[in-house]
Amino acid sequence: MPTLTDIALDAMGSDKAPDPEIKGAIHACRQLPVRVHLVGPEDRLRAALHDATRGERLPIVIVPATEWISMDEKAATAIRKKPGSTMRVGLRLVKEKKAVGFLTAGNTGAAMALAKMVLGPLPGVDRPSLSALLPTATGSRCVLLDVGANVDCKPHNLEQFAVMGEMYARSVLKIPRPRVGLLSIGEEEGKGNDLTRESFALLKQLSFNFIGNVEGRDIYNGRADVVVCDGFVGNVALKTSEGLARLVRDLLRQSLNSTVTAQVGALLSRKAFDDFKKRLDYSEYGGAPLLGIRGVCIVNHGSSNDRAIYNGIRVTAEFALAGVNQQLEREFAGRRPADPPPESSIFAVGALYDRLPA
């Protein structure tokens with residue numbers, strides 16, 4: 001019997017929780033060598049799990065947690081008022097080595113803050129960053145970061161994101177010399193706002209392959225392997241891309257089914273269409289890893305369905321078993337950027353959350 005990989009899953013994270021989490025966990029435990037620790041209200045989860053499995057014995061464990069953080073709550077307030085939240089309980093399972101990674105489709109800001117508090121950041125990392133792997137026209141993947149964990153950033157934050165993204169592309173995606181670009185409104189060095197202009201000056205002093213400013217289209221045309229931006233811009237870019245991908249998919253389906261001839265062609269090209277849909281569907285990508293922490297934390301969409309949760313569990317296990325964080329920690333130990341200036345803003349996640357108990 002294969003050894004099972006233990007994954008902690010926030011059962012109350014998604015918009016329609018806990019239904020997608022329970023169905024995703026069931027599918028994962030049927031298909032993958034994993035044991036899922038469902039974190040949430042015990043009675044509610046046990047009844048729903050019993051109805052969904054109809055008595056089938058699966059490696060799913062319920063871990064009680066009586067509180068959860070909703071999407072509309074402010075992270076700092078929710079963390080203080082809900083010490084027994086599903087996120088905190090799940091991350092503690094990782095810290096205590098009872099699970100190799102934690103998956104949530106819940107509040108991104110709370111997930112980042114709690115991961116930093118409970119698991120701790122890598123040395124030299126001021127703010128962890130959410131990264132997303134996006135398809136390109138060349139068949140390669142582009143690492144986009146940050147995609148939502150840090151909506152207000154300073155230049156040294158983007159410098160650290162660039163370092164982590166370059167390490168991730170090199171050590172995990174096996175790109176020997178990743179091309180790193182800074183997302184802006186023009187390729188020229190002087191283009192952009194104060195943040196991008198000041199960040200440009202920092203990034204061009206780093207020793208890796210910085211190719212300068214890139215524009216939105218360059219995320220998908222294969223020009224860059226890593227694209228760096230603040231979480232506000234990154235999240236808008238990511239969700240705009242997902243909406244466009246869904247539109248293209250739906251328009252293509254309508255065109256294939258519009259005529260009798262096209263219907264025959266649609267039947268013949270179903271495999272190609274399914275492959276096309278799979279390449280564009282966010283639910284197939286399994287969430288965004290939080291880089292820069294001492295442990296594995298994957299954040300899924302709030303609108304995740306059971307397929308997205310299944311893939312999130314898969315990616316969490318793969319990320320942990322590949323030792324990605326250990327590789328990044330070794331890389332960062334030998335290549336730490338200069339210490340950042342002190343932050344006084346209320347958005348300084350490190351200063352605000354480090355005072356809260358783990």
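Located above this text is the structure these notes cover.
I will try to describe carefully the structure that is included in this document. Since this is a predicted model, take the numbers as computed values, not measurements.

**So, the packing of aromatic side chains**
So, point 1. Overall, the coordinates contain 2 aromatic pairs when judged by the stated rule.
So, point 2. Centroid distance Tyr168 to Phe319: 6.3 Å. Interplanar angle 45 degrees. Geometry classified as tilted. Here the residue Tyr168 occupies a position in helix α6 (residues 155-171), and Phe319 occupies one in helix α11 (residues 306-321), the gap between them amounting to 151 residues. Like Phe319, Tyr168 is buried.
So, point 3. Aromatic pair Phe200 and Phe210: ring centres 5.2 Å apart, planes at 70 degrees, arrangement edge-to-face. With Phe200 in helix α7 (residues 194-203) and Phe210 in strand β8 (residues 210-214), this pair connects stretches of sequence that are 10 residues apart.

**Some thoughts on a nonpolar patch on the surface**
So, point 1. A cluster of nonpolar side chains, namely Val151, Phe232, Val233 and Val236, defines an oily patch on the protein surface of about 340 Å² accessible area.
So, point 2. Residue placement: Val151 occurs in the loop between β6 (141-145) and α6.

**Examining the sheet that holds strand β5 (residues 129-135)**
So, point 1. Strand order in the open sheet made by the 11 strands is β3-β2-β1-β4-β11-β10-β5-β6-β9-β7-β8, with mixed pairing throughout. The open sheet has two edge strands, β3 (60-64) and β8, and neither has a second partner. If you compare each strand with its neighbour and ignore which way they point, the axes differ by 30 degrees on average.
So, point 2. As paired elements, strand β2 (residues 34-40) and β3 share 5 bridges and run parallel to each other. Each residue of the ladder has a partner; that of Val39, found in β3, is Val63.
So, point 3. Each of β1 (5-10), β2, β3, β4 (101-104) and β11 (297-299) touches helix α4 (residues 86-95); the most contacted strand, β4, lies at about 160 degrees to it.

**Some points on the pairing of β1**
So, point 1. Counting buried positions over the 6 residues of β1 gives 6, a clear majority of the element.
So, point 2. By the alternation rule, side chains of β1 split into Thr5, Ile7 and Leu9 and Asp6, Ala8 and Asp10, which are all buried.
So, point 3. In terms of strand pairing, β1 meets β2 through 6 bridges, oriented parallel. Within β2, the residue paired with Thr5 across the bridge is Val34.
So, point 4. Where the polypeptide runs from β1 across helix α1 (residues 19-31) and back to β2, its parallel neighbour, the crossover connection is right-handed.
So, point 5. Here 3 bridges tie β1 to β4, and the two strands are oriented parallel to one another. In the strand pairing of β4, Ile7 is matched with Gly101.

**Details of the side chain of Arg127**
So, point 1. Relative to the helices and strands, Arg127 is located in the loop between α5 (108-118) and β5.
So, point 2. Of the polar contacts made by the side chain of Arg127, one reaches the backbone oxygen of Asp152; its length is 2.5 Å.

The rules behind each value
Residues numbered from 1 in each chain as written. Predicted model: local features only at pLDDT ≥ 70, side-chain atom pairs only at ≥ 80, totals over all residues. Heavy atoms only, no water. Phe/Tyr/Trp six-rings, centres within 6.5 Å; stacked < 30°, edge-to-face > 60°. Helix = DSSP H or I, 4+ residues; strand = E, 2+ residues; numbered from the N terminus. Buried < 20%, exposed > 50% of the residue type's maximum accessible area, 1.4 Å probe, protein only. Patch = residues over 30% accessible without salt bridge, like charges linked within 9 Å, V, L, I, M, F, W, Y side chains within 5 Å. Areas by Shrake-Rupley, 256 points an atom, 1.4 Å probe, with all protein chains shown as cover. Salt bridge = Lys/Arg side-chain N within 4 Å of Asp/Glu carboxyl O. Pairing = 2+ DSSP bridges. Axes fitted to C-alpha atoms, helices over the stretch in contact; angles between N-to-C directions. Contact = heavy atoms within 4.5 Å. Right-handed = clockwise from strand over helix to strand, strands pointing away. Polar contact = N/O pair within 3.5 Å; in protein donor to acceptor, adjacent residues only side chain to side chain.

Read these as spatial facts, not as claims about activity.
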